[in-house]
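Here's the letter readout for the chains.
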Amino acid sequence: MEQLQLKKVDIIFGWDEKVTPIDVYDKTIKKSADSIILDMIDSGLKGRGGAGFPTGLKWKFTRNEDSDAKYVICNADEGEPGTFKDREILDRVPEKVFTGMAICAYVIGAREGYIYVRGEYNFLLKSLQKKVDLFNQQLAERKSDFTIYLRSGSGAYVCGEESALFESMEGKRGEPRNKPPYPTVSGYNGKPTVINNVETLVYTCEICRMGSEKFKSFGTFDSRGSKVFSVSGDTPTPGIYELELGMPLKDFVEEFADGDAKAVQIGGASGHCVPRKKFNETIIGFEGIPTGGSMMIFNSTRSMYNVLHDYLEFFTEESCGQCTPCRVGCQQLLKGIEAVKKGEKSPTYLEDLKKLTLTMKIAAKCGLGQSVANPFISIVDNFKEEIIY
Amino acid sequence: MVNLKINNIPISVEEGTTILDAAKRLNFRIPTLCNHPDLSVAGNCRVCVVEVKGARLLSASCATPVSEGMEVFTNSEKVRIARKHVVELLLSEHNSDCTKCFKNGHCELQELASEYRIGDHVFLDLVKAKDKIQDISSPSIVKDNSKCIRCQRCVRTCAELQAVSALAVVHKGNHQSISTFLNKPMNDVVCTNCGQCINRCPTGALTERNYIEEVWNAIYDPRKFVVVQTAPATRVALGEDLEVETGTRVTGKMVSALKKMGFNKVLDTDFTADLTIMEEGTELLTRLKKAIVDKDETVKLPMMTSCSPGWIKFQEHMFPELLDNLSSCKSPQQMFGALAKTYYADKINIKAENMIVVSIMPCTAKKFECNRPEMRDSGFKDVDYVLTTRELAMMVKQAGIDFDKLEDDNYDSILGESTGAAVIFGATGGVMEAALRTAYEIVTGHEVPFTNLNIKPVRGIEGVKEASIKIKNTVPAWNFLEGVELNVAVAHGLANAKKLMEAIKRGEANYHFIEIMGCPGGCIGGGGQPIPTSPEIRRKRTEAIYAEDMGKSLRKSHENPEVTEVYTDYLGTPLGHKSHELLHTHYKVRKRY
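Residues numbered from 1 in each chain as written. Chains lettered and ligands numbered in written order. Predicted model: local features only at pLDDT ≥ 70, side-chain atom pairs only at ≥ 80, totals over all residues. Heavy atoms only, no water.

Trainee: Any chance you could explain the overall build of chain A here in plain terms?
Mentor: A count of helical and extended segments in chain A gives 16 helices and 11 strands. A globule of 389 residues ought to have a C-alpha radius of gyration of about 21 Å, and chain A, at 21 Å, matches this closely. For chain A, the C-alpha atoms occupy an extent of roughly 70 × 45 × 35 Å along the three principal directions. The proportion of buried residues among the 389 residues of chain A is 61%. When contacts within chain A are restricted to residue pairs at least 6 apart in sequence, long-range pairs at least 24 apart make up 72% of them. Accessible area for chain A stands at about 14,600 Å²; split by element, carbon and sulfur atoms hold 49% of it. Across chain A, the 50 positively charged side chains and the 54 negatively charged ones have centroids separated by 2 Å. (Helix = DSSP H or I, 4+ residues; strand = E, 2+ residues; numbered from the N terminus. Rg over C-alpha atoms; globule rule 2.2 N^0.38 Å. Buried < 20%, exposed > 50% of the residue type's maximum accessible area, 1.4 Å probe, protein only. Contact = heavy atoms within 4.5 Å. Areas by Shrake-Rupley, 256 points an atom, 1.4 Å probe, with all protein chains shown as cover. Lys, Arg positive; Asp, Glu negative; His and termini not counted. Charge placed at Lys NZ, Arg CZ, Asp CG, Glu CD.)

Trainee: Could you clarify how one ought to interpret the packing of helix α5 (residues 94-108) of chain A against helix α6 (residues 125-141) of chain A in this entry?
Mentor: Residues and elements named next belong to chain A. Where α5 contacts α6, the axes come no closer than 10 Å and their chain directions differ by 45 degrees. When the interaxial angle is binned, α5 and α6 end up oblique. Remark: the crossing between α5 and α6 carries right-handed chirality. Of α6, the residues touching α5 (which contributes Pro94, Glu95, Phe98, Thr99 and Ala102) are Leu128, Lys131, Val132, Phe135 and Leu139. A per-class count over the contact of α5 with α6 returns 7 nonpolar, 1 polar and 2 charged. (Axes fitted to C-alpha atoms, helices over the stretch in contact; angles between N-to-C directions. Parallel < 35°, antiparallel > 145°, perpendicular 65-115°, else oblique. Left-handed = near helix turned anticlockwise from the far one by under 90°. Nonpolar A, V, L, I, M, F, W, Y, C, P; charged D, E, K, R; others polar.)

Trainee: Is there a simple way to think about the sheet that holds strand β1 (residues 2-6) of chain B in this case?
Mentor: Hydrogen bonds along the backbone pair up the strands of a sheet, which may run parallel or antiparallel. Residue and element names in this part refer to chain B. What the 5 strands build is an open sheet, ordered β2-β1-β5-β3-β4; its pairing is mixed. Two strands in the sheet have a free side with no partner beyond their single neighbour: β2 (9-13) and β4 (59-60). By the bridge criterion, 5 bridges tie β1 to β2 in an arrangement that is antiparallel. Counterpart to Ile6 in the pairing with β2 is Ile9. Its contacts with the sheet put helix α2 (residues 77-92) on β3 (49-52) and β5 (71-73), and the angle it makes with β3 is roughly 160 degrees. (Pairing = 2+ DSSP bridges.)

Trainee: Explanation requested: the pattern of salt bridges in the structure shown.
Mentor: Should their charged atoms come close, side chains of opposite charge can pair. Residue and element names in this part refer to chain A. The tally for this structure, following the rule as stated, stands at 74 salt bridges over all chains. With a closest N to O distance of 2.6 Å, Arg142 and Asp26 form a salt bridge. In this pair, Arg142 is assigned in the loop between α6 and β3 (147-152) and Asp26 in helix α1 (residues 21-28), connecting sequence segments 116 residues apart. (Salt bridge = Lys/Arg side-chain N within 4 Å of Asp/Glu carboxyl O.)

Trainee: Just to check I follow, could you spell out the pairing of strand β5 (residues 226-233) of chain A for this structure?
Mentor: Remark: a regular strand shows side chains that alternate across the two faces of the sheet. Residue and element names in this part refer to chain A. By the criterion of burial, β5 is predominantly enclosed, with 7 of the 8 residues buried. Taken together, the 6 bridges between β5 and strand β6 (residues 239-244) define a ladder with antiparallel strand orientation. Following the sheet pairing, Phe229 is matched in β6 by Tyr241. Counted between consecutive antiparallel strands, the loop separating β5 from β6 contains 5 residues.

Any link to function would need more than the numbers given here.
Next up, the structure:
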């Protein structure tokens, strides 16, 4: 397997003054929708929100649907603990996001686009609205019938889940829907919808600017391109970094940790916790551990029991509560480790709980309940003594 | 057609069929909790998960349509473990004091727990102390959050079937619960007491407020003379809770059981159903005369039926501006109570204060209705206790009566005679049909122009039904109705009622008379009827109702000899002074929030 060294790049925030986002739009829509889709598929771009669905295919499926209305939605409900990259993107290069949306709209035939901004980012709305207005005006000047609107969430983590986001946008309780149907067939208002994460849309803009060949030159075979990481925890240099995908965790830790890292939580609270002994063998990317971008570093002063406890408290609160495995499962995991810690349940109870997370992983309705198994099993397996004693 | 395999057996089904339904055709039962044939699909309990070959996740079979080439396993190891986990999780959130529960033996969660032999709880008990406090504010419905498994069947019922939305999901995660507006007591919210939520609750989280002990106490009290009345729809459903096949008429056995249980007199609400037709029919004709002959613009048309207390409360909350359109007739239950404690008490020489009137009703809203302050025209509470069909079944069991082996018995007299017209009050469209049979004959002197008096257009399960009858060859007194096209409509289930009311408000509906029943199917689908309910079960009960009607020698209310007698003896004429005093009522405006 090809393996990269850690390489910092500066694609998203690096600003080539000569080519503005709207220029990218102008250039791109000269091409046919089908050829843009081919470029996207060829680039190997996978969704940057965490799930990693190929973006080109998503656009293609939606384009192929026959409908009187279609939508492009930018998912800016960035709620995963330890993730704060989309905020930076929306703050610094929102025009690239808008451009990605406008190109997508051209490809699939959408007249309306929405940016669903998480409630906690409402402070961004005012400046973002100005920029959206300007961009809409530029689109109008180009006789485009596509318009972008902003929508504010109310601060429920689960609304980042695409179908819960649609429910929320439709004015209902933010609860995930049954799938199928998928958003490409029936999304917002029951119409075919492309929903992409903020960062994904930025990269679609970049691919249109630089071409898919250039984009493919970054990253590895399985993980094309670069990705924005939010680095936090026990690090002297917390912040936002754009790195090529496919690097070993070892390199990452050398670059960002404080020399005493005992674990890295990859992909936020719903991701995997990698202990020191596995730093060498772990790859950050779709061939290893895929991530939405959050990297939390823990050094030896941290109690992994507390870390897991906090995560479980978070999920217990943020589960929408509609499906049994997630609503009750999260509570049982939380109460369960508390009971083991207090000695009210024997340490073997952790095995029962691990089995429960396996059920949650395959029986919960949406990604929230399904992913709680990741931190639970990786922390309990790797730091069992910290959980028990 | 879509071809797939379920547990290695090939089957082809229509596109859009769910895995659950496809499996059912192969006789593989997949357990469900949040699923209900009357409601939209939720897919949230996850009890019905199955394994689909090649899929990473298990699929909720109730919410997943089949696809070509799919291979489904309904009982694989993964499925079994997951299903058991789900049931264990639900139990951990559930107050399992089953022996004290009204739903004991009828609880879907209990059945599943028993099927999977879940004994000692694997997981920690999560029931919150505050949830163990039951909401008993309502005279009809008891809400017990500690029994709730959040399947949301009640929420969907209240919103989809009844358009009331008194119950809703609030908060998220571990705080998620089913609650009322601002978590107010059930009695202070828009709840119509229809009890449809109870019929669809898989556990004991929603039950009727039961009055079984009060009724036994009355029966045992030697100073009390206990009179019981039974509603039309109970006789075609009671058997379901007593191991008799669905759709069996058990009128005679029910009467026999009630007598054996110690009620002093067993009488029939059907008698006052006939009486209702006399009053309501006269009221309709009077309104028509005022509107057509007197050109009185203050007369409200269409006139709306007032038998269904769930519907009455719905209108008081939602459409108070149309309250004057409601017939002023009390419901048959309340007419019965008022007559029992006046005319009847007199006849049998019992003091009204020593009389206890008990009703057996298919309805939970009747419990609310009998407690309305207006319902004391006899000088006492006209009806003391209302029992649902389910409560009666429980009492029959408690009394140690082998129901199936009972001989048929007849209602006592007087207030026990009824016609087929009264019986069909139990099904949607029945009141309308009964009223037309009588009104048409009063106006024209001959029977309604339908084969065997069966007015088919107002029958059936359609949400809103319409019919027109041209009045021909009127008798002299009703000449002004000659040639008039009488337009009527029937709606059942409050969501349908709402549609009709909105059409009226918009001025799009030109009806003279409207029948509305609060529950789907009318009283046969009432909130107090045996559980479960489904379109199929309601169809069987309806058939039984119409069969009972056809079996009666008298099928028109005005032919009921006891009704004639009560007018001659006591009431005078329909809408007369005495009737007005005892048989009519008024309504009040209620807030929505």
